Structures are given as C-alpha cells and as structure tokens.
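Chain by chain, the residues run as shown.
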Amino acid sequence: AERRAAATEDLIHDIHSSDRIERLTGNPMLLTTMALIKRKVGKLPQRRVELYEKAVEVLLNWRSAVDEALDKREALPQLEFLAYEMCRRGVQQLREDEVLELLRQVRQEYPQIHPLAHHTPEEFLALLERRTGMVIQSGHERHNGQSHPVYEFRHLTFQEYLAGIALVQGHFP
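Residues numbered from 1 in each chain as written. Predicted model: local features only at pLDDT ≥ 70, side-chain atom pairs only at ≥ 80, totals over all residues. Heavy atoms only, no water.

Caption draft 1: Here's a closer look at the confidence of the model for the protein chain. Confidence in the prediction for the protein chain averages 85 pLDDT; 91% of positions are at 70 or higher. Between the elements of the protein chain, mean pLDDT differs from a low of 68, seen in helix α2 (residues 19–22), to a high of 97, seen in strand β1 (residues 93–95). (pLDDT = per-residue confidence, 0-100. Helix = DSSP H or I, 4+ residues; strand = E, 2+ residues; numbered from the N terminus.)

As structure tokens, then:
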C-alpha cells in the first residue's frame, strides 16, 4: 500500500511538472498510457515527442502476456505509412478496405523492410487493434451500397506523431 501511494504521488508530480504534459491528461487513453509509461520506464518524459515515442513503444509491448507479440520493426513502418497517408489525404478515418490496401502498398513499395512480411495485412490490422488500441474500428460507413468497418487512430495525436516521424526520417517521400 505504501509503495502504491508513493508511485501515485510520483506520477501526479511528473504529470504536473509540465503544462504540455498535463494538458494531455484530459484524455483517458493518454492518461492511462502515461501511467503505463511511468510503470514501465520509471519516469515520464517532459517533451511531448519523447512522451509519444515512449507511448507507442509501451503500447506495442502492452498485453504481451495475453496476446502475440508485435515486433516494432514490423509495426512502426506500417503505422507510420498509414498515419502519413491519412494526413496526406486529410482524413482521420479510413474504411477497412482502404487500410488493408495501404498495408499492401507499403509492403510492395518498400520490400527492403523485411519484418513487414511477418503478418498478412488482415492479421496485422487485427493484431494492432487487439494488442495496442492505437488503431481501432470506430464504426461503419456505407460504400457502394454496403456497410464497411471504419478505422482510425484512437487519438489524433498518435496519427500526427507517427506521420511526423515518417516525414522527419524521410521514410516515405
């Protein structure tokens, strides 16, 4: 009980030590992610970019006892490409068929990224949603007379962060 109280106080202190980090706590997912980062890493980064980097890292490894592991060498290039394309198109949601097509496209256009072949696009999307919660099915959309699942990043800042990383590192010109 004492350790838990001390950890709680330490987390509260870390959160309130930066206005930019404190503002993120209004979102339950980001607050939970911050608690996970604090538990796994021991300290909350003070810069947002570093916080998102750790958040993605922690979420990719989250629930490893429950579900199949997700290799960041497989996940990050696909997440970055998906986020980059969504930002390029100016959208926050894509139909499932569009997401799967983008995952096929990244495999075809960047064959040098060998870990992309670990899962099919369908397996990867299901595993990503189940395991990380960063990308979720958020509803359905009618297209060509049929209802199709729609996917989005659970929080827009993940989409923006991953697209930014793709641009800054020049992964997808």
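Caption draft 2: Structural detail: the side chain of Q78. Note that Q78 resides in helix α5 (residues 72–89). Residue classification places Q78 among the buried residues on the basis of a relative accessible area of 0%. Side chain to side chain, Q78 and R107 meet in a polar contact 2.7 Å long. The residues contacting Q78, other than those within four sequence positions of it, are L103, V106, R107, L116 and F124. (Buried < 20%, exposed > 50% of the residue type's maximum accessible area, 1.4 Å probe, protein only. Polar contact = N/O pair within 3.5 Å; in protein donor to acceptor, adjacent residues only side chain to side chain. Contact = heavy atoms within 4.5 Å.)

Caption draft 3: Summary view of the environment of R73. Mapping R73 onto the fold places it in helix α5. Residue class for R73 comes out exposed when judged on its relative accessible area of 53%. Each C-alpha atom of the pair R73 and V99 lies 19 Å from the other, and the pair is 26 residues apart in sequence. If we ignore the near neighbours within four places in the chain, the residues touching R73 are I113 and P115. Reaching out from R73, the side chain makes a polar contact with the side chain of D71 at a distance of 2.6 Å.

Caption draft 4: Local environment of the nonpolar core. Within the largest apolar cluster, 46 residues are counted, with the highest numbers of intra-cluster contacts made by L79, L82, V135, F153 and F158. For this core, the secondary-structure elements that each account for two or more residues are α1 (2–16), α3 (28–41), α4 (48–61), α5, α6 (96–109), α7 (121–131), β3 (146–153) and α8 (156–168). Those residues in contact with V135 that sit more than four places away from it in its chain are L79, L82, L125, L128, E129, Y151, E152 and F153. (Core = buried A, V, L, I, M, F, W, Y, C linked by side-chain atoms within 4.5 Å.)

Caption draft 5: Looking closely at the packing of aromatic side chains. Applying the stated rule across the entire model yields 3 aromatic pairs. Seen in terms of ring centroids, Y52 and F158 are 5.9 Å apart; in terms of plane orientation they differ by 75°. Their pairing is edge-to-face. A residue pair is termed long-range when its members are at least 10 positions apart, and Y52 in helix α4 and F158 in helix α8 qualify at 106 residues. Per residue, the accessibility class of Y52 equals that of F158, and both read buried. (Phe/Tyr/Trp six-rings, centres within 6.5 Å; stacked < 30°, edge-to-face > 60°.)

Caption draft 6: Just the pattern of salt bridges, in detail. The full count for this structure, using the stated rule, is 9 salt bridges. Close ionic contact of R89 with E85 constitutes a salt bridge, the shortest N to O distance being 3.6 Å. One end of the pair, R89, and the other, E85, are both in helix α5, 4 residues apart, so they sit about a helical turn from each other. Since its relative accessible area comes to 39%, R89 is described here as partly exposed. On the basis of relative accessibility, which here comes to 6%, the residue E85 falls in the buried class. Residues R104 and E122 are paired through a salt bridge, measuring 2.6 Å at the closest nitrogen-oxygen approach. In this pair, R104 sits in helix α6 while E122 sits in helix α7, placing the two residues 18 residues apart along the sequence. Look at R104 and you get partly exposed, because its relative accessible area is 35%. Judged by relative accessible area, E122 falls into the partly exposed class, the value being 39%. Through salt bridges with shared partners, a single ionic network connects R95, D97, E98 and E141. (Salt bridge = Lys/Arg side-chain N within 4 Å of Asp/Glu carboxyl O.)

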